[in-house]
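Next come the chains, spelled out residue by residue.
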Amino acid sequence: MREGSQRSSSLPSIPPWTHTYSIASAYDNGIMLYMRNLSKTELKVFKKLLNEHFLPDSLGFTWEQLDRASWAEMVHLLIEFLPGAQAWDVAQEILNRMNQRGLCSLAHTERMSIFPTLKPLNFHLRKRPLSLTKEERDKIQEYKQRVLEETHPVWDNTMWPGNQADFLYSRVEDHEAMLPCLFLPRGPQGRQPKTVVIHGIPGIGKTTLARKMMVQWARNEFYAHKFKFAFYFHCRELHRLGEFSFSELIERQRLRPRALVSKILSRPDQLLLLLDGFEELTFPLITGPAGLMEDWNQKLPGPVLLSSLLSKRMLPEATLLIMVRSTSWRGIKLLVKYPFHVTLTGFNRIEALNYLRLYFTSKTISDQAVDFAKKNSTLLSMCRVPVVCWVVCCCLRTQIQKMVDLTKACPNATSVFVLYLANLLPTIFKKLPYGDYQQQLEGMCCLAAQGMWNLKSVFDKRDFQCVMVDETTIDTFLYVNILRKLEGQGDRYVFALFTFQEIFCALFYILYFPERMKCYYPLSFMTIWNLITFSRERTMYGYQMGLFLFGLFNEECAGIVMRSFQYSLCLRNKLNAISVITRLKDYEGYEYSQLFHCLCETREEAYVKYVLLGYQKVSLKIKNQEDLQTSAFCLKLCRDLKKMELIFSRNFYNELWPSSADPSYGAQGKENEILLTWWQDICSVFETTGGLEVLVVIDSTMVAPFMQIFTRALRQPRCKLPRLHLRYANHMLCEDLSCVLTENKHLRQLWIEHTRLAGEAMKSLCRALRSHHCLLQSVRLEKCNITKFSCEGIAFALRHSKMLTHLSLAENNLRDAGSRHIWRALKYLSCPLQRLVLRQCSLTSACGEYMTSALKNNKGLRSLDLSCNRLSDDGVILLCDALADADSNVSILELEWCSFTSHACHAIASMLVSHRKLMYLDLSKNVIGVSGILTLSLAFLSHRQGEDVILKKSSNDRVDMYTRLKGPQVEDSCLKVVQDWNS
């Protein structure tokens, strides 16, 4: 029996398959989601009222079927059988009778919003239920009984013999939250998805989910009102069969006679087909319409039949559920039309840790294993696959039994899997002579590598023969569960875990082969490039293999391989990686998260520091604990860093602290300490990297402990950061950040955008800006929901600031009333402002009075951007008259898209003549016509004599008018007027 069969009942019961899916995806665009708020008792009342008063008897539903239906199935039933808005009307009526006023209101609101786009099925085209004889009903019941017998237990226990399967799957619970939602009708058309694609990495539970669905269907617990027939097909079946028809394929499920099959297939709208095992396909699918067939009685080759089903050429009204890996999806996505996607995510972090706690009987030992896993986020991330979590537990148990320090025995995540394989090697050595063993190991590694690069995971005897792996070796690796033979497919095999294929592939590139002309297998430049730049979002294939490769570069891990595998190593690919990594910094647009994951897995600071020499710009996406740790490790070693961009996932803090409790308190204190230490390491870069010039933080709503560490680092005297940029940073503008603005003597530029500034946040910011300790020279508050009520505080700070020379309030709804405060602040002689940007601030000509008054009194303003405001002719004329009459120093004026016409051009021309300090004028996106352009041109020709005037049509359909100004005071200056050519 496994270690720790039963521990204290007080331990939390965390079933292995909880959260093996993305629940947000399962609910995505679903309609009538408010129905899930009904309790079980309330839902039963809803069903009774529906059955007694609104469902016609002709539909053929039994109360037993209705009583077992989930809330999502009830929604499906309403939409399916009550056409148009009738479904909402009935739902409202029932909820009203139940006195569910709140839900009734939600139903009414949804009905009004969705009705314009609603496309219900044609009620008159619906067919009555199939008329089946008693003998046929008995045959179908026999089929359901076989499904229960052959599919239960729902998991595949062929991979691990004995007690592993017992432990791994003994606590599988119903997918109650997810399964019913797969076929929930979706907006905006209110239709059930006809094709659902379940994505997931190997071992995550796709097949288990499909088998579970078949069991529920056989028990009449899954969409009994919709799917009268359900069939599960694995692609390996299609591989071993020759030409056959789809009706014959149904008969192979032992559902006969042929007449019954024909009846079933005559009603494809009641048919659910589950398709699995696409990674085992050995033939290409048919993507062209010419090769696809409709007739389900016609004998067809496997590729044609499968392609016809996927494309809905055959049985278009049937519902498909497709289980795929990311690599398999590439081959079928061109065939599948309008799919709904759900992703299985496996264990979350808390569940993986609880799995480790449940595995060991001794609390002391389990605490030791859990503590080790918490400190190795890469390993913990791999544990999201339940069977991989079991492998990790096996390895840790062996090391703990040897009384060794886990941190020293397992220097990185890769070493854990190396040690697991090392435990199997004594058995392999007994069965294979030493000389044969080395040759056979090379062949197995070569096979794994060829499979990785060719997106192949199923191997036949010819594949083994090509790499000179004999049958004795195959049998040996089958015996120790490194390989697994596929059932019913002859001599076809897979690695028992895809993780094993990845690590054997990585071993292939570090082993030393003395008998070869080149003693190692070199990785090409592009291969290494792909391994360090491909993110998980783009492909999972090769991602983990890259981690294993860099993990094997670790000297301690390499030593474990040498001692355990009895093989010499060649780390030339470690040197090859240096040349690739040093080149990566010269290319723009790359995000470095994958690179940092690989480098962190080496756990060699000297190596990482060397390869990161010259890295001046780093952009990192921080989505989880693993990203946090790898970023902390690598950023400290980037000594030449000048710009750092941290992009936080919207769910980052929910991933770290799933509960709503304050993360600074509670039982997770030790784990919090680890996370905060990594964050502190990241923030220490603000102090230790003297050349850091720009810090960009995106999508962050920092919890209090993170915010305290962040601001404390920015306030340190050693922090010489001049520019701070916050984007989508709600709740970051707290008192702590305001202290940064007054205490950091090097910070000169603050840019905040897409962040809601209101209430205390704005008050705190304005308080800091008007402090004489604040040395900010540039403040940009763009797209922050600043309104006229906030402008008074900004204006007050502007009047008292001695340093602020640049202010941008672009893309805020200030309106004329709000801008009035800013214009008034400009009238003060003490106002240091030199550039003001009020682009797209909902200004009109009504602000002209305040604007002209400010410009006549202000002598410091050098640049003014009023683009994308409806100033119209009146506003522009007032502005130009003020600049023409005043002794203004404005040299840059931007009036793009200000809704003025040729009527304002005379005022503009007059201003150009009299206001000789103007160096740049942007009039683009305004319809001034030919007359307006001529007015401006004549002003130059008539009044700026002795200057070179150039009028030309530029490549972007604008007219650029340049004039080189003469004279000692304006030498080498330039006036540029920009105007649309076509306007």
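About the cut-offs
Throughout, a residue's number is its position along its own chain's written sequence, starting from 1. Under the rules for a predicted model, residues below a pLDDT of 70 receive no local features and side-chain atom pairs below 80 are neither given nor counted, while totals for whole chains, interfaces and linings still include all residues. In computing side-chain values, all of the structure's heavy atoms are included and hydrogens and water are not. Secondary structure counts use DSSP, requiring at least four H or I residues in a row for a helix and at least two E residues in a row for a strand, with both numbered from the N terminus. Only protein chains enter the accessibility calculation, which uses a 1.4 Å probe; a residue whose area is less than 20% of its type maximum is buried, one above 50% is exposed, and one in between is partly exposed. Residues count as neighbours in contact if any of their non-hydrogen atoms are within 4.5 Å of one another. Here the Shrake-Rupley method, with its probe set to 1.4 Å, supplies the accessible areas, and only the displayed protein chains count as covering residues. Should DSSP find at least two bridges between two strands, the strands are taken to pair. What counts as an axis is a line fitted to C-alpha atoms, over the stretch in contact for a helix, and the angles between N-to-C directions run from 0 to 180 degrees. Any pair of Phe, Tyr and Trp rings, taking the six-membered ring for Trp, is counted once the centres come within 6.5 Å. Such a pair is stacked with planes under 30 degrees apart, edge-to-face with planes over 60 apart, and tilted for the rest. A ring is scored as having a charge over it whenever the NZ atom of a lysine or the CZ atom of an arginine sits within 6 Å of its centre and within 35 degrees of its normal. Confidence per residue, as judged by the predictor, is encoded in pLDDT with a range of 0 to 100. If an angle is under 35 degrees, it is roughly parallel; if it is over 145, roughly antiparallel; if it lies from 65 to 115, roughly perpendicular; otherwise it is oblique. Charged residues are taken to be Asp, Glu, Lys and Arg, nonpolar residues to be Ala, Val, Leu, Ile, Met, Phe, Trp, Tyr, Cys and Pro, and polar residues to be all remaining types, Gly included. A crossover counts as right-handed when, viewed with the strands pointing away from the observer, the path leading from the first strand over the helix to the second turns clockwise. Put simply, a salt bridge is a Lys or Arg side-chain nitrogen that is within 4 Å of an Asp or Glu carboxyl oxygen. For this analysis, a polar contact is any N or O atom pair within 3.5 Å, provided that within protein one partner can donate a hydrogen and the other can accept it, and provided that sequence-adjacent residues contribute only side-chain to side-chain pairs.

Student: How do you make sense of the overall build of the protein chain when you look at a structure like this?
Tutor: The number of helices and strands found in the protein chain is 43 helices and 22 strands. Taken over 983 residues, the protein chain has a buried fraction of 57%. Counting contacts in the protein chain only where the partners sit at least 6 residues apart, residues at least 24 apart contribute 79% of the total. About 41,800 Å² of surface is accessible on the protein chain, with carbon and sulfur atoms providing 50% of the total.

Student: How do you make sense of the environment of Asn37 when you look at a structure like this?
Tutor: The residue Asn37 is located in the loop between helix H1 (23-27) and helix H2 (40-53) in this model. Classification of Asn37 as exposed rests on a relative accessible area of 54%. Placed 66 residues apart in sequence, Asn37 and Leu103 show a C-alpha to C-alpha distance of 8.4 Å. With near-sequence residues (within four places) excluded, Asn37 lies in contact with Glu42 and Leu103.

Student: What's the story with the sheet that holds strand S4 (residues 319-324) in this structure? I'm lost.
Tutor: Strands belonging to one sheet form pairs held by backbone hydrogen bonds; the direction of such a pair is parallel or antiparallel. Spatial ordering of the open sheet is given by S2-S3-S4-S1-S5, a layout of five strands whose pairing is parallel. This sheet does not close on itself; its edge strands, each paired only once, are strand S2 (229-234) and strand S5 (340-343). Adjacent strand axes in the sheet meet at a mean angle of 15°, parallel and antiparallel pairs treated alike. Sheet analysis places S2 next to strand S3 (residues 271-276), joined by six bridges and oriented parallel. Among the inter-strand pairings, Tyr232 is bridged to a residue of S3, identified as Leu274.

Student: Would you explain the packing of aromatic side chains in this entry?
Tutor: A ring pair, where both rings are aromatic, is described by two values, the distance of the centres and the angle of the planes. The tally for this structure, following the rule as stated, stands at 34 aromatic pairs. Where Tyr359 meets Phe360, the ring centres are 4.9 Å apart and the plane angle is 75°; that geometry is what we call edge-to-face. For the pair Tyr359 and Phe360, one class covers both residues: buried. Note on Phe550 and Phe553: the rings are 5.1 Å apart at their centroids and 65° apart in plane angle, and the pair reads as edge-to-face. Judged by its relative accessible area of 1%, Phe550 is buried. With relative accessibility at 1%, the residue Phe553 sits in the buried group. Note that Lys431 overlies the ring of Tyr479, its terminal NZ or CZ placed 4.8 Å from the centroid. We note Lys574 situated over the ring of Tyr607; from NZ or CZ to the ring centre the distance is 5.1 Å.

Student: Just to check I follow, could you spell out the confidence of the model for the protein chain for this structure?
Tutor: Do not read the fine detail of predicted coordinates wherever pLDDT is low. Model confidence for the protein chain is summarised by a mean pLDDT of 83, while 86% of its residues fall at 70 or above. For residues 946-974, every residue scores under 50 in pLDDT, and the model assigns this stretch 66 contacts once sequence neighbours within four places are set aside.

Student: Help me understand the sheet that holds strand S8 (residues 492-495), please; the structure alone is not making it clear to me.
Tutor: Reading across the sheet, the three strands line up as S6-S8-S7 and stay open at both edges, with antiparallel pairing between neighbours. Single-partner strands in this sheet number two, and they are strand S6 (459-460) and strand S7 (483-485). Looking at chain direction, S6 and S8 are connected through two bridges and run antiparallel. Considered in S8, the bridge of Phe459 is made with Tyr493. The strands touched by helix H23 (residues 471-479) within the sheet are S7 and S8, with S7 carrying the most contacts at an inclination of about 100°.

Student: Looking at this structure, I do not really get the environment of Leu714. What am I missing?
Tutor: Its location among the elements puts Leu714 in helix H35 (residues 704-715). Classification of Leu714 as buried rests on a relative accessible area of 2%. A sequence separation of 31 residues divides Leu714 from Cys683, and the C-alpha atoms of the two residues are 8.0 Å apart. Dropping the residues within four chain positions of it, Leu714 is found in contact with Phe686, Leu695, Cys719, Leu721, Leu724, Val740 and Asn744.

Student: Would you mind going over the environment of Arg780 with me for this structure?
Tutor: Looking at where Arg780 falls in the secondary structure, it is placed in strand S14 (residues 778-782). With 28 residues separating them in the primary sequence, Arg780 and Ile752 have C-alpha atoms 6.0 Å apart. For Arg780, the contacting residues outside a window of four places in its chain are Leu750, Trp751, Ile752, His806 and Ser808.

Student: What should I look at first to understand the packing of helix H18 (residues 386-401) against helix H20 (residues 413-431) in this one?
Tutor: Angle between the axes and distance between the axes are the two parameters that describe a pair of packed helices. As a packed pair, H18 and H20 sit with axes 9 Å apart at the nearest point and diverge in direction by 75°. The angle between H18 and H20 places the two elements in the roughly perpendicular class. Contacts from Val388, Trp390, Val391, Val392, Cys394, Cys395, Thr398 and Gln399 of H18 reach H20 at Val416, Phe417, Leu419, Tyr420 and Asn423. Its residues placed into classes, the contact of H18 with H20 shows 10 nonpolar, three polar and no charged.

Student: Sorry if this is basic, but what is going on with the pairing of S3 here?
Tutor: One face of the sheet, then the other: side chains in a regular strand alternate in exactly this way. Most of S3 sits out of view: six of its six residues are buried. The alternating pattern of S3 places Leu271, Leu273 and Leu275 and Leu272, Leu274 and Asp276 on opposite faces, both of which are buried. In this structure, S3 lies alongside S4, joined through four bridges in parallel fashion. By the bridge assignment for S4, Leu275 is matched with Ile322. Crossover handedness for the path S3 to helix H13 (residues 302-310) to S4: right-handed.

Student: I keep staring at the pattern of salt bridges and nothing clicks. Help me out?
Tutor: Opposite charge on two side chains lets them pair, provided their charged atoms get close. Within the structure shown, the criterion is met by 32 salt bridges. The partner of Lys485 in a salt bridge is Asp491, with the nearest N and O atoms 3.6 Å apart. Lys485 gets classed as partly exposed once you look at its relative accessible area, which sits at 42%. Take Asp491: its relative accessible area is 36%, and that puts it in the partly exposed class. The shortest N-O distance in the salt bridge between Glu760 and Lys763 comes to 3.8 Å. Of the two residues, Glu760 and Lys763 are both situated in helix H37 (residues 760-769); the distance of three residues between them amounts to about one turn of the helix. Through salt bridges with shared partners, a single ionic network connects Lys461, Glu471, Lys485 and Asp491.

Student: What am I meant to see in the side chain of Thr630 here?
Tutor: Position of Thr630 relative to the elements: it lies in helix H31 (residues 625-635). Within polar-contact distance, the side chain of Thr630 engages the backbone oxygen of Asp627 at 3.2 Å. In this structure Thr630 touches Thr378, Phe596, His597 and Cys600, once residues within four positions along its chain are discounted.

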